[in-house]
Amino acid sequence: MALLKVKFDQKKRVKLAQGLWLMNWFSVLAGIIIFSLGLFLKIELRKRSDVMNNSESHFVPNSLIGMGVLSCVFNSLAGKICYDALDPAKYARWKPWLKPYLAICALFNIILFLVALCCFLLRGSLENTLGQGLKNGMKYYRDTDTPGRCFMKKTIDMLQIEFKCCGNNGFRDWFEIQWISNRYLDFSSKEVKDRIKSNVDGRYLVDGVPFSCCNPSSPRPCIQYQITNNSAHYSYDHQTEELNLWVRGCRAALLSYYSSLMNSMGVVTLLIWLFEVTITIGLRYLQTSLAGVSNPEESESESEGWLLEKSVPETWKAFLESVKKLGKGNQVEAEGADAGQAPEAG
């Protein structure tokens, strides 16, 4: 028994075809929106590619760009089909291709749904990418004379100023790396020599942070050196006083920014997916209702449209059987090819 059967007369078929034609062109605009969202996210990720460890984070924008292009192509074609649907001569050209086209549309909707889910689920991968990338970027902060790394200082400083953050997980991350270049150190100074000798790796480590970590909203002048030394500053206690540095780490700030972007894009993509599913269902009803017209010349006759020709369990069973037959057919062909090669080998 057909699933969700609906009766159609000519008036209903005309309204369905016209409505689907209009919806498909709206869906073309939706495809452009998906493409634009993916392109915007890709540009935003490219801006901070220096502090990202790999290219896994580009999977989502690349998928959105691809699905946006496919959406424009499929829905433009569907609009043309709906426009020709009520002209028997023009519809005859499309009729043999409608079932494969609907199968492709169903596959497209499944992939679009998975892409929308990826917008919500790739937070963990993005967090690892940002964490390792920021860690490496901070190590190269001092290499202003090294080709390929000379812009890292500017990148990190602009990042900390724009996102109001400091370090990877916090400002104390700067205490563990030498972020001051050797060219700006006075190696004749006893303090510099003692600091370098006290470190196993021979690095100049200080309890200080770059200027970009300073919070301009703080009423007190920025304390960026000797942060943990209370005696170095008047009326200062680093444990109790609110520091005039950005407390939040840049990984958390960037993750929050990109997660917010991707969540918003995921919601938009899901809404477009629902719209696409509605169009696919409408196309199925249009195809089955037109196929039910006994004589195409008598367009006034009634017909029935349905979503599935059989129930869901029967349709699934028939699908599995067709897959098995296809597998057996390939196996027989392979055995026949082997048997044909055996005499030649003899």
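Treat the numbers as computed from the prediction; the structure is a model and nothing was measured.

Novice: Any chance you could break down the overall build of the protein chain for me, citing the residues and the numbers?
Specialist: Helices and strands together make up the secondary structure of the protein chain, namely nine helices and two strands. Reading the protein chain from its N end, one meets helices and strands in the order β-α-α-α-α-α-α-α-α-β-α. Here the protein chain holds 346 residues, and the buried ones make up 39% of them. Long-range contacts, defined here as pairs at least 24 residues apart, represent 73% of the contacts in the protein chain between residues at least 6 apart.

Novice: Let's hear about the state of the cysteines: which residues, and what values?
Specialist: Taken as a whole, this structure holds three disulfides when the rule is applied. Bridging Cys165 to Cys250, the disulfide has an S-S length of 2.1 Å. Across the S-S bond of Cys165 and Cys250 the torsion is about 85°, and the bridge reads as right-handed. Linking Cys165 in the loop between helix H6 (152-163) and helix H7 (190-197) with Cys250 in helix H8 (residues 250-291), this pair joins segments that are 85 residues apart in sequence. This pair shows no difference in class: Cys165 is buried, exactly as Cys250 is. Note on cysteine connectivity: Cys166 is disulfide-linked to Cys213, with sulfurs 2.1 Å apart.

Novice: With reference to specific residues and values, describe the UniProt feature "transmembrane region" (unreviewed entry) in the protein chain.
Specialist: Per the UniProt record, "transmembrane region" (unreviewed entry) is annotated on residues 20-41, 101-122 and 255-275. Note that residues 101-122 is 95% helix and 0% strand, and that its end C-alpha atoms are spaced 31 Å apart.

Novice: Break down the packing of H6 against H8 for me, with residues and values.
Specialist: It is at 10 Å that the axes of H6 and H8 come closest, and there the two elements cross at 65°. Crossing hand, H6 versus H8: left-handed. Listed contacts from H8 to Leu159, Gln160 and Phe163 of H6 are Cys250, Ala253, Leu254 and Tyr257. Looking at the contact of H6 with H8 residue by residue, the class counts come to six nonpolar, one polar and no charged.

Novice: Report on the packing of helix H2 (residues 59-84) against helix H4 (residues 98-121), specifying residues and quantitative values.
Specialist: For any two helices packed against each other, the geometry is given by the interaxial angle and the distance between the axes. Relative to each other, H2 and H4 sit at 150°, their axes nearing to 10 Å. Relative to H4, H2 is oriented roughly antiparallel. You can see that H2 and H4 cross each other, and the crossing is left-handed. Contacts between H2 and H4 involve Phe59, Val60, Ser63, Leu64, Met67, Leu70, Ser71, Phe74, Leu77, Ala78 and Ile81 on the former and, on the latter, Leu98, Tyr101, Ile104, Phe108, Ile111, Leu112, Val115, Cys118 and Cys119. Residues belonging to the contact of H2 with H4 are distributed by class as follows: 18 nonpolar, two polar and no charged.

About the cut-offs
- Residues numbered from 1 in each chain as written.
- Predicted model: local features only at pLDDT ≥ 70, side-chain atom pairs only at ≥ 80, totals over all residues.
- Heavy atoms only, no water.
- Helix = DSSP H or I, 4+ residues; strand = E, 2+ residues; numbered from the N terminus.
- Buried < 20%, exposed > 50% of the residue type's maximum accessible area, 1.4 Å probe, protein only.
- Contact = heavy atoms within 4.5 Å.
- Disulfide = S-S within 2.5 Å.
- UniProt positions renumbered as here; feature names shortened; annotations may be inferred.
- Axes fitted to C-alpha atoms, helices over the stretch in contact; angles between N-to-C directions.
- Left-handed = near helix turned anticlockwise from the far one by under 90°.
- Nonpolar A, V, L, I, M, F, W, Y, C, P; charged D, E, K, R; others polar.
- Parallel < 35°, antiparallel > 145°, perpendicular 65-115°, else oblique.

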